[in-house]
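Architecture at a glance
Listed below, chain by chain, are the residues.
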Amino acid sequence: LFFDFRWKSTGDQTDDFAEIKLNFQTMEKYKKLYLWLIIPFLITQLGIFKFYWPKLATQAFSIHIHYWAVTFWYLLLIVQPYLAVNGKIAQHRTLGIIGFLVAGGVLFTGISTSEISMNRINAYDAEKVGIPVSFYYGTLFMGWVSLIAFATAIVQSIIHRHRLLDHSWWLITSLFYMMMPAL
């Protein structure tokens, strides 16, 4: 098989937890990763601030859902490494399953935000001075590229869930794909 989706378990969950804990003991340099992940979260929140909060009452419902789904995704990506490196593997796995549901929400609400660029393209008036229509086509295109990259990162993190470095780095990259539209 090109991809092996089978769970490689010894049959004893405590053995699996011990193996994961042993792997994390060798990755001492990642013990404070969760603290570093706060930086992109803050950058994204600052980037979206002018667009989201001043227009809170007039934003489309899909924008609210997308904003909170992405925010919850970022928070999960901050909490998950903390749980893993501190040996709370059961909680990490439970939140991981919830996180993949949230990732689906991020994807589907991200698709619904394409409507913003489409509406601006449809409302474009070549007679008026302002932002050229190509800008809106560009934001639409880059939004879709970001969504596809995000989906790829999520799928890869699932495929590599038993290879800790691959799993964690695919998830970390997902964070940066969601950052671009906020900036």
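Below you will find a few notes about this structure. Quick caveat: nothing in here was measured; it's all calculated off a predicted structure.

**Looking at the overall build of the protein**
In terms of regular secondary structure, the protein is built from eight helices and zero strands. Traced from its N-terminal end to its C-terminal end, the protein shows the element sequence α-α-α-α-α-α-α-α. Classification of the 183 residues of the protein by burial places 37% in the buried group. A fraction of 70% describes how many contacts in the protein between residues 6 or more apart in sequence connect residues 24 or more apart. On the protein, roughly 11,500 Å² of surface is accessible, and the fraction owed to carbon and sulfur atoms is 69%.

**A short note on a nonpolar patch on the surface**
There is a patch of nonpolar side chains on the surface, built from Trp-36, Ile-39, Ile-43 and Leu-183 and spanning about 460 Å² of accessible area. Within the secondary structure layout, Ile-39 lies in helix α3 (residues 38-52). Ile-39 gets classed as partly exposed once you look at its relative accessible area, which sits at 42%.

Cut-off values and rules
Residues numbered from 1 in each chain as written. Predicted model: local features only at pLDDT ≥ 70, side-chain atom pairs only at ≥ 80, totals over all residues. Heavy atoms only, no water. Helix = DSSP H or I, 4+ residues; strand = E, 2+ residues; numbered from the N terminus. Buried < 20%, exposed > 50% of the residue type's maximum accessible area, 1.4 Å probe, protein only. Contact = heavy atoms within 4.5 Å. Areas by Shrake-Rupley, 256 points an atom, 1.4 Å probe, with all protein chains shown as cover. Patch = residues over 30% accessible without salt bridge, like charges linked within 9 Å, V, L, I, M, F, W, Y side chains within 5 Å. Salt bridge = Lys/Arg side-chain N within 4 Å of Asp/Glu carboxyl O.

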